[in-house]
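# Observations on the three-dimensional arrangement
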Amino acid sequence: MPQPAERKFDVAVVGATGAVGEVLLELLAERNFPVGRLAVLASARSAGQQVRFGKRSLSVVDLEDFDFAGVDFAFFSAGGSVSAAHAPRAAAAGATVIDNTSHFRMHDDVPLVVPEVNRNVIAGGYGPDVSGGIIANPNCSTIQMLLAVAPIHRRFGVTRINVATYQAVSGAGRRAMDELGRQTADKLNFRDPTVEVLSAPIAFNVIPRIDVIEPGGYTREELKMHFETRKILGDDRIGVNATAVRVPVFYGHSEAVHLETENPFELDEVRGLLERAEGVRVIEGERDPMPLVDASGRDEVLVGRIRRDMTDENGLDLWVVSDNLRKGAALNAVQIGEFLVARCVAEPG
């Protein structure tokens, strides 16, 4: 029997050929996640493709035929319908599923977790030494916003959030990134761009709608930020009024966040809270955080433009930037796994 510190865990990555799946594999290797057996899974059309894990090349296996028996952690990032069909059978086989889709997020019996904010909600019924279970990864825009908002909420009580997001095309997947590249080349060569993936041309444009419009005029993306924020912070009194916009950026979501607090605050104390917050880096002074310069390929959530709302004494304005494929998706999922591994090693058996 190996000593706890030497223990390895069998891992499956579902959606291994996608943009988030690739970053998941990269982070599992970079962060020395204690991987034993590793299965990389995707649809039948991707079976047999090769993907990288550190210095190794692994062959993709068809998800439909895969037996999850013996898998400790199953990271899902292949779309809500795939998770709906296969995450429950992975959990039934004993795997702890960490799901990056929206399918399970608002299920009452599924924890919705940003480790720096609410890791305490992952009760003892989850982890590699128990019989399966599903943990949900929040929406990318919600994750980065709450890393900045949570410490302020804990200290001053946030009652309302107005947020406008400026979301990179990588949030819509690899095909959307390819479309931005093709359309950019088309426009620079005086050709009309072809729209196949997004709802409108994205090169040299912005699209003020992400996902479908629901009754009331909000998109699903905007509603996710409202309801997920309430669940993660455990406070149904908070209102989130969001406008989600797709912008012609490959990597890195940006957000203009406007808060209203219950209790008065001093800006120096707010800055101090953010500077000490886990996973946050404050950039202020000669320049402000930007997706290409500061966020792309980085793990931190960057916060700048910290100022009091000139129209509201208890209003606070922030600019929040993060790599949406890392902290907004893959990194958050890996950190959930790391937390469970650390608890397992600290409390063996």
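What comes next is a walk through the structure.

Procedures and definitions
Residues numbered from 1 in each chain as written. Predicted model: local features only at pLDDT ≥ 70, side-chain atom pairs only at ≥ 80, totals over all residues. Heavy atoms only, no water. Phe/Tyr/Trp six-rings, centres within 6.5 Å; stacked < 30°, edge-to-face > 60°. Helix = DSSP H or I, 4+ residues; strand = E, 2+ residues; numbered from the N terminus. Buried < 20%, exposed > 50% of the residue type's maximum accessible area, 1.4 Å probe, protein only. Core = buried A, V, L, I, M, F, W, Y, C linked by side-chain atoms within 4.5 Å. Contact = heavy atoms within 4.5 Å. Pairing = 2+ DSSP bridges. Axes fitted to C-alpha atoms, helices over the stretch in contact; angles between N-to-C directions.

## Describing the packing of aromatic side chains
If you walk through the whole model with that rule in mind, you get 8 aromatic pairs. Ring centres 5.7 Å apart and planes at 80° place the aromatic pair Phe 33 and Phe 73 in the edge-to-face group. Placement of Phe 33 in the loop between helix 1 (19-30) and strand 2 (35-42) and of Phe 73 in strand 6 (residues 73-76) is noted, with a sequence separation of 40 residues between them. The exposure class of Phe 33 is buried, given its relative accessible area of 6%. Judged by relative accessible area, Phe 73 falls into the buried class, the value being 0%. Aromatic pair Phe 33 and Phe 75: ring centres 6.2 Å apart, planes at 80°, arrangement edge-to-face.

## So, the nonpolar core
Within the largest apolar cluster, 54 residues are counted, with the highest numbers of intra-cluster contacts made by Phe 68, Ile 161 and Leu 318. In terms of residues, this core owes the most to one element, helix 4 (residues 140-156), which gives 9 residues. Apart from residues lying up to four places away in sequence, Phe 68 is in contact with Ala 12, Val 14, Leu 41, Leu 63, Ala 74, Phe 76, Arg 89, Ala 90 and Ala 93. Membership of the second largest hydrophobic core comes to 45 residues, among which are Leu 27, Val 60, Leu 180 and Ala 330.

## What to know about the sheet that holds strand 7 (residues 96-99)
Pairing is parallel in the open sheet, where 6 strands are placed in the order 5-2-1-6-7-8. One side of each edge strand has no neighbouring strand; the edge strands of this open sheet are strand 5 (61-62) and strand 8 (133-136). Where strand 1 (residues 9-14) and strand 2 come together, 5 bridges link them in parallel fashion. The partner of Val 11 across the bridge, within strand 2, is Leu 38. Here helix 2 (residues 80-92) sits on the sheet in contact with strand 1, strand 6, strand 7 and strand 8, set at roughly 175° to strand 6. Each of strand 1, strand 6, strand 7 and strand 8 touches helix 9 (residues 326-346); the most contacted strand, strand 6, lies at about 170° to it.

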